[in-house]
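Residue-level structural notes
Single-letter residue listing:
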Amino acid sequence: MTAQRRLVRRTVLAVTASVAALTLAACGSDGDGKASGGTASATATGGHNAADVSFSKEMIQHHRKAVEMAGLAVGHASSAQVKSLATKIEGAQAPEIKTMSGWLTSWGEQVPQDMSGMDSGMNHDMSSSATPGMMSDADMGKLEKASGADFDTMFLTMMVEHHEGAVDMAKTEKADGSYAPATELAADVITAQSAEIKQMNTMLGKS
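To start, this report covers the structure provided alongside it. (Residues numbered from 1 in each chain as written. Predicted model: local features only at pLDDT ≥ 70, side-chain atom pairs only at ≥ 80, totals over all residues. Heavy atoms only, no water.)

**Quick notes on the packing of aromatic side chains**
Under the criterion given, the structure shown has four aromatic pairs. Ring plane angle 80 degrees and centroid distance 5.6 Å describe the contact between Trp 103 and Tyr 179, whose orientation is recorded as edge-to-face. In this pair, Trp 103 sits in helix α4 (residues 80–106) while Tyr 179 sits in the loop between α6 (148–176) and α7 (180–203), placing the two residues 76 residues apart along the sequence. By the burial criterion, Trp 103 is buried, and Tyr 179 matches it. Ring geometry for Phe 151 against Phe 155: centres 5.7 Å apart, planes inclined by 20 degrees, an arrangement best described as stacked. Placement of the pair is Phe 151 and Phe 155 together in helix α6, with a separation of four residues, close to one helical turn. (Phe/Tyr/Trp six-rings, centres within 6.5 Å; stacked < 30°, edge-to-face > 60°. Helix = DSSP H or I, 4+ residues; strand = E, 2+ residues; numbered from the N terminus. Buried < 20%, exposed > 50% of the residue type's maximum accessible area, 1.4 Å probe, protein only.)

**Section: the pattern of salt bridges**
The tally for this structure, following the rule as stated, stands at three salt bridges. Across the pair Lys 57 and Glu 109 runs a salt bridge whose closest N-O atoms are separated by 3.6 Å. Of the two residues, Lys 57 is situated in helix α3 (residues 50–76) and Glu 109 in the loop between α4 and α5 (137–145); the sequence distance between them amounts to 52 residues. Exposure remark for Lys 57: the relative accessible area of 28% places this residue in the partly exposed category. On the accessibility criterion, Glu 109 (30% relative accessible area) is partly exposed. Two residues, Glu 68 and Lys 65, come together in a salt bridge whose shortest N-O distance is 3.7 Å. Separated by three residues within a single helix, Glu 68 and Lys 65 lie in helix α3, roughly one turn from each other. With respect to burial, Glu 68 and Lys 65 carry one shared label: buried. (Salt bridge = Lys/Arg side-chain N within 4 Å of Asp/Glu carboxyl O.)

**Quick notes on the packing of α5 against α6**
One way to put it is that α5 packs onto α6 with a least axis distance of 9 Å and a crossing angle of 150 degrees. Classed by the angle they form, the pair α5 and α6 counts as roughly antiparallel. You can see that α5 and α6 cross each other, and the crossing is left-handed. Along the contact surface, α5 presents Asp 139, Lys 142 and Leu 143, while α6 presents Phe 151, Met 154, Phe 155 and Met 158. Taken together, the residues of the contact of α5 with α6 sort by class into five nonpolar, no polar and two charged. (Axes fitted to C-alpha atoms, helices over the stretch in contact; angles between N-to-C directions. Parallel < 35°, antiparallel > 145°, perpendicular 65-115°, else oblique. Left-handed = near helix turned anticlockwise from the far one by under 90°. Contact = heavy atoms within 4.5 Å. Nonpolar A, V, L, I, M, F, W, Y, C, P; charged D, E, K, R; others polar.)

**Concerning the nonpolar core**
Membership of the largest hydrophobic core comes to 42 residues, with the highest contact counts inside it found for Met 69, Phe 151 and Phe 155. For this core, the secondary-structure elements that each account for two or more residues are α3, α4, α5, α6 and α7. Sequence-distant contacts of Met 69, defined by excluding residues within four places in its chain, comprise Met 135, Met 140, Leu 143, Phe 155, Met 158, Met 159 and His 162. (Core = buried A, V, L, I, M, F, W, Y, C linked by side-chain atoms within 4.5 Å.)

**With respect to α7**
In a regular helix each residue adds 1.5 Å, so 24 residues correspond to 34 Å; α7 covers 35 Å between its end C-alpha atoms and thus fits that length. Among the residues of α7, those classed as buried are Ala 182, Thr 183, Leu 185, Ala 186, Val 189, Ile 190, Gln 193, Glu 196, Ile 197, Met 200 and Asn 201. Tucked into the core, α7 has its buried residues touching α3, α4 and α6. Two residues or fewer after α7 comes Gly 205, characterised by a positive phi angle close to 80 degrees. (Expected span 1.5 Å × (residues − 1).)

Below is the structure:
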């Protein structure tokens, strides 16, 4: 009986040691002093970097300007095509503003103040000189005063330039960003706005 008890005890100890070894291996370091499980989780969710923050802040303001321009089409445009396009632009970009604002909040970053519709000078820092394709206060003033066919031509011309700026910003984000949802949104911007640029140039008789 004594020999059998010793054998059982040795077997139990051996099994316990094996389980402990496997547990330590599973929770081991990945070589950088971090748990392997934690690294895998971080890789799966993806982190953000400075490029993602810059893209989100600038594109929010860029989208706000496009939405502001699109809003003018309701009462100023004469072309049904222009009005339809403006509605499409507003419908696509307004939700993206909310999405990017949510990212910034989750990252502990400040969402840019909405300066659209403010008096000239109050939103000077977001003029065309600050962000690619952004309309200046003077440009917006001219668009607000235009109507009919003149508005249609001015709107399309300005929106093409505005979209081209957004595409450039999105390409930079795709190249430099690390937050997957942001780079995916950038890819969507490139696809959608490139198609709209082509459509607007056709409407302008340029292609």
